[in-house]
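Commentary on secondary and tertiary structure
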Amino acid sequence: MAEDLIIATGSKAEQYQALIPQVKALIEGERDLVANLANIAAALKEQFGWFWVGFYIVKDTELVVGPFQGPVACTRIRKGRGVCGAAWEKAQTIIIPDVGQFPGHIACSSLSKSEIVVPVIRNNIVVGVLDVDSNAYNQFDTTDRQYLEQIVALIQW
């Protein structure tokens, strides 16, 4: 298990390419889901300095906040509600350049300006989502989608 995160520089893709092997090392051999989600959220927050990084876990008919890094968060989100609920309902990654323009956005913090939500899908069922917020507009793009989808695929859910 890795104990220190090496912060990479370079392009966004290069940063992800350096981070992914470290994430693998963090979660390799660890079977506890909460521990792995916590370390993934911390690694992403530390590498990229985003405003909020965390997971919501599907429990019955709601997403319930799981391990995260950042200010306090909304605790429960219904399916189809907000960006997280929409990503759960559609079972696809959603990138929002300006959360103020997203109909039904849930403003857990007024400081959040852009967002990406990546569903965690196992056996064709969404079991959770990775939610990342930035305090800058237009923070996320297809590079983030590509690599964050690779990271959530590593999770043994």
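Note: the structure precedes this text.
Keep in mind the model is a prediction, meaning the values are calculated, not measured. (Residues numbered from 1 in each chain as written. Predicted model: local features only at pLDDT ≥ 70, side-chain atom pairs only at ≥ 80, totals over all residues. Heavy atoms only, no water.)

1. Examining the overall build of the protein chain
The secondary structure content of the protein chain amounts to four helices and six strands. Of the regular secondary structure in the protein chain, the N- to C-terminal order runs α-α-β-β-β-α-β-β-β-α. Here the C-alpha atoms of the protein chain give a radius of gyration of 14 Å, agreeing with the 15 Å that 2.2 N^0.38 yields for 157 residues. Seen through its C-alpha atoms, the protein chain measures out along the principal axes to roughly 40 × 35 × 25 Å. A burial count over the protein chain gives 44% of its 157 residues as buried. (Helix = DSSP H or I, 4+ residues; strand = E, 2+ residues; numbered from the N terminus. Rg over C-alpha atoms; globule rule 2.2 N^0.38 Å. Buried < 20%, exposed > 50% of the residue type's maximum accessible area, 1.4 Å probe, protein only.)

2. Observations regarding the sheet that holds strand E1 (residues 52-59)
Reading across from one edge, E3-E2-E1-E6-E5-E4 is the order of the six strands in this open sheet, with antiparallel pairing throughout. Where the open sheet ends on each side, the last strands, each with one partner, are strand E3 (76-78) and strand E4 (94-96). For this sheet, the mean angle separating the axes of adjacent strands, direction not counted, is 25 degrees. Relative to strand E5 (residues 114-122), helix H3 (residues 82-90) is tilted by about 35 degrees, and along the sheet it contacts E1, strand E2 (62-69), E3, E4, E5 and strand E6 (125-134). (Pairing = 2+ DSSP bridges. Axes fitted to C-alpha atoms, helices over the stretch in contact; angles between N-to-C directions. Contact = heavy atoms within 4.5 Å.)

3. As for the packing of helix H1 (residues 12-27) against helix H2 (residues 33-48)
For the pair H1 and H2, the least separation of the axes is 10 Å and the interaxial angle reads 155 degrees. Judged by the angle between their axes, H1 and H2 are roughly antiparallel. Between H1 and H2 the crossing geometry is right-handed. Contacts between H1 and H2 involve Lys12, Gln15, Tyr16, Leu19, Val23, Leu26 and Ile27 from the first element and Asn36, Asn39, Ile40, Ala43, Leu44, Gln47 and Phe48 from the second. Among the residues forming the contact of H1 with H2, the class breakdown is nine nonpolar, four polar and one charged. (Parallel < 35°, antiparallel > 145°, perpendicular 65-115°, else oblique. Left-handed = near helix turned anticlockwise from the far one by under 90°. Nonpolar A, V, L, I, M, F, W, Y, C, P; charged D, E, K, R; others polar.)

4. Digging into the side chain of Thr93
In this structure, Thr93 sits in the loop between H3 and E4. On the basis of relative accessibility, which here comes to 9%, the residue Thr93 falls in the buried class. A polar atom in the side chain of Thr93 sits 2.5 Å from the side chain of Glu149. Every residue in contact with Thr93, bar those within four places of it in the chain, is listed here: Ile116, Val117, Val118, Pro119, Arg145 and Glu149. (Polar contact = N/O pair within 3.5 Å; in protein donor to acceptor, adjacent residues only side chain to side chain.)

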